[in-house]
Amino acid sequence: MKKLSKQFFRGTRAPFFIIIGMSFFVSCESGHFDDILIAADKIGELRTIPYEEYWRERIAADQEDARNGYPSKLSYPGHRKSGLISIMGRKRRIDISKLGPSSRACIERWRSELDRNWDIGERRVKAISNLHEVLLERKSELTDEKFDNLCSNVVRRARLSPREVELLLRGK
């Protein structure tokens, strides 16, 4: 019985080490870019609050102000004004001094969410720019096909918008 068990272990030792070695090699190969995918997951966790409800309230407030004689400062579907800039994505606080009372009240009610979304947007842009630099450094280590697969995984895991994809891939 002892002789049979020794033969069994001797017979299974080599395949066992081959399997362990192969799994280690595969894990090292796939783990080589885990830092990039972890960074993409972190970017994907930075999500903004949707603006749909804000815009409904803001448009209604703007229309009420327009009925009360205050000039409209918005550009929205069905109410386009040339030369106006959307209030989203500006680097400074919204100037509410020239708005009507309803629009001012609406913006003040949504101020914390707007500021939070701006901060999250800024952090996403910085993180995507950093990830762009890392991808450029690591591009030489991969074939074009593997690099494209890595980039598509990053885009999917980070939940990037089309503008953010441009920033990631082109740095613009």
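Throughout what follows, the structure given in this document is the object of discussion. Nothing here was measured: the structure is a model prediction, and the numbers come from that model.

## Here's the deal with the overall build of the protein
Here comes step 1: The secondary structure content of the protein amounts to six helices and zero strands.
Here comes step 2: Secondary structure elements of the protein occur, N-terminal to C-terminal, as α-α-α-α-α-α.
Here comes step 3: Each of the 172 residues in the protein was classed as buried or not, and the buried ones make up 26%.
Here comes step 4: A separation threshold of at least 6 residues defines the contact pool for the protein, and within that pool the share at least 24 residues apart is 71%.
Here comes step 5: Taken as a whole, the protein presents about 12,300 Å² of accessible surface, with 56% of it coming from carbon and sulfur.

## Description of the pattern of salt bridges
Here comes step 1: Taken as a whole and assessed by the stated rule, the structure comprises six salt bridges.
Here comes step 2: Ionic pairing is found between Arg109 and Glu57, a salt bridge with its closest N-O pair at 3.2 Å. You can see Arg109 sitting in helix 4 (residues 101–138) and its partner Glu57 sitting in helix 3 (residues 52–67), a full 52 residues away along the chain.
Here comes step 3: Classification of Glu57 by relative accessible area gives partly exposed; the value is 26%.
Here comes step 4: Put simply, Arg170 and Glu166 hold a salt bridge, and the shortest N to O gap is 3.9 Å.

## Some thoughts on the packing of aromatic side chains
Think of a pair of aromatic rings as described by two things: how far the centres are apart, and how the planes are tilted against each other in angle.
Here comes step 1: Tallying each qualifying case throughout the model produces two aromatic pairs.
Here comes step 2: Between the aromatic rings of Tyr54 and Trp55, the centroid separation amounts to 5.3 Å while the plane-to-plane angle is 65 degrees, which identifies the pairing as edge-to-face.
Here comes step 3: Summarising the aromatic geometry, the rings of Tyr54 and Trp110 are spaced 5.6 Å apart at their centres and angled 65 degrees between planes, so their arrangement reads as edge-to-face. Here Tyr54, found in helix 3, pairs with Trp110, found in helix 4; they are 56 residues apart in sequence, far enough to count as distant. When sorted by exposure, Tyr54 lands in the same class as Trp110, which is buried.

Parameters at a glance
The written sequence of each chain sets the order in which its residues are numbered from 1. Local features in a predicted model are, by the rule used here, given only for residues with pLDDT of at least 70; side-chain atom pairs are given and counted only at 80 or more, and totals for whole chains, interfaces and linings are based on all residues. Side-chain calculation: all heavy atoms of the structure are included, whereas hydrogens and water are not. Strands here are runs of E lasting at least two residues and helices are runs of H or I lasting at least four, both read from the DSSP assignment and numbered beginning at the N terminus. When a residue's accessible area, from a 1.4 Å probe over protein chains only, is under 20% of the maximum for its type it is buried; when over 50% it is exposed; and in between it is partly exposed. By definition in these notes, contact holds between two residues if any of their heavy atoms fall within 4.5 Å. Only the protein chains shown count as covering a residue, and every accessible area follows the Shrake-Rupley method with a 1.4 Å probe. A pair is scored as a salt bridge if a Lys or Arg side-chain nitrogen falls within 4 Å of a carboxyl oxygen belonging to Asp or Glu. Stacked, tilted and edge-to-face are the three classes assigned to paired rings of Phe, Tyr and Trp, where Trp is represented by its six-membered ring and a pair needs centres within 6.5 Å; plane angles under 30 degrees give stacked, over 60 edge-to-face, the rest tilted.

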